[in-house]
Amino acid sequence: DKPKPTSVTPDPASDNMQEVLRTAILAQQQALALLQQTEAAYARLIPHQLLKLLNIDSVVDIKLGDQIERKMTIMFADIRNFTPISESMTPSENFEFINSYLSQMEPVVSAHHGIIDKYMGDAIMSLFSQGADDALVAAIAMLARLEAYNDGRKRAGYVPIDIGIGLNPGMVMMGTVGGAERMGSTVIGDAVNLTPRIEQA
């Protein structure tokens, strides 16, 4: 006699377990993607290079009062006669102008191992930890980029702009300041205080 075929009875519990497992894996993948996006967003506020200098692996590990002392070259770059230029524009046009200019200069600083510490209106404060030569070459490259940027402004019917750049090497304290609800990074020292005066001169 031929053996009778056996029928397999579906196991609802097993199917349900697989669905739960798939849902859990999907939720974990979504959480990981969100964490990576959040980390990337914070990196635009607190650069990874700064974390590295502070010997911190991740932005989530930053603590108030983290600090380190080291020699750095400080750069201040500022648009000359910005006030009369801005007074001729609406607030919206001011933001478009500033962001247009800063978006030209930011990659130049980064390409020469600089860290943009902060934007102060139309001014840029950058840090160079690998030597003054990087800062000097970056400053020259910024002037070259400004020339190309001004060519575009002329073609669009806008007045060309001029910038001042100050460089100063020295020992600084770099770290985090603020309070429990709002914290930021900063650089403190005589070398920092002198740099904007050099730029203004």
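J.: So what about the overall build of the protein? Which residues, and what values?
T.: Secondary structure summary: the protein contains six helices and five strands in total. Taken from N to C terminus, the helices and strands of the protein fall in the order α-α-β-α-α-β-β-α-β-β-α. For the protein, buried positions account for 35% of its 201 residues. Within the protein, counting contacts between residues at least 6 apart in sequence, those at least 24 apart form 62% of the total. Put simply, the protein shows about 13,000 Å² of open surface, and 56% of that area lies on carbon and sulfur atoms.

J.: Lay out the pairing of strand E2 (residues 114–120) with the relevant residues and their values.
T.: Every regular strand shows the same layout, with side chains that alternate between the two sheet faces. Both E2 and strand E3 (residues 123–128) contribute to a ladder of six bridges, which runs antiparallel. Bridging from a neighbouring strand, tyrosine 119 pairs with isoleucine 124 of E3. The hairpin turn running from E2 into E3, its antiparallel successor, is two residues long, and glycine 121 in that turn takes a positive phi close to 65°.

J.: Before we move on, could you go through the packing of aromatic side chains and cite the residues and values that matter?
T.: By the definition in use, this model includes two aromatic pairs. Ring geometry for phenylalanine 82 against phenylalanine 97: centres 6.2 Å apart, planes inclined by 15°, an arrangement best described as stacked. A residue pair is termed long-range when its members are at least 10 positions apart, and phenylalanine 82 in helix H3 (residues 82–87) and phenylalanine 97 in helix H4 (residues 91–111) qualify at 15 residues. The exposure class of phenylalanine 82 is buried, given its relative accessible area of 16%. For the pair tyrosine 101 and tyrosine 149, a centre-to-centre distance of 6.5 Å together with 55° between the ring planes defines the contact as tilted. Of the two residues, tyrosine 101 sits in helix H4 while tyrosine 149 sits in helix H5 (residues 132–155), which places them 48 residues apart along the sequence. Each member of the pair, tyrosine 101 as well as tyrosine 149, is classed as buried.

J.: So what's going on with the nonpolar core? Residues and values would help.
T.: With 22 residues, the main nonpolar core has Ile79, Phe97, Tyr101, Met142, Leu146 and Ile161 as its most contacted residues. Put simply, the parts of the chain that give this core at least two residues each are strand E1 (67–79), H4, E3 and H5. Looking at this core element by element, the count peaks at seven residues for H4. What isoleucine 161 contacts, discounting residues up to four positions off in sequence, is Ile79, Ile85, Phe97, Tyr101, Leu146, Tyr149, Asn150 and Arg153. Grouped together as the second largest cluster of nonpolar side chains are 18 residues, Leu53, Ile74, Phe76 and Ala191 included.

About the cut-offs
- Residues numbered from 1 in each chain as written.
- Predicted model: local features only at pLDDT ≥ 70, side-chain atom pairs only at ≥ 80, totals over all residues.
- Heavy atoms only, no water.
- Helix = DSSP H or I, 4+ residues; strand = E, 2+ residues; numbered from the N terminus.
- Buried < 20%, exposed > 50% of the residue type's maximum accessible area, 1.4 Å probe, protein only.
- Contact = heavy atoms within 4.5 Å.
- Areas by Shrake-Rupley, 256 points an atom, 1.4 Å probe, with all protein chains shown as cover.
- Pairing = 2+ DSSP bridges.
- Phe/Tyr/Trp six-rings, centres within 6.5 Å; stacked < 30°, edge-to-face > 60°.
- Core = buried A, V, L, I, M, F, W, Y, C linked by side-chain atoms within 4.5 Å.

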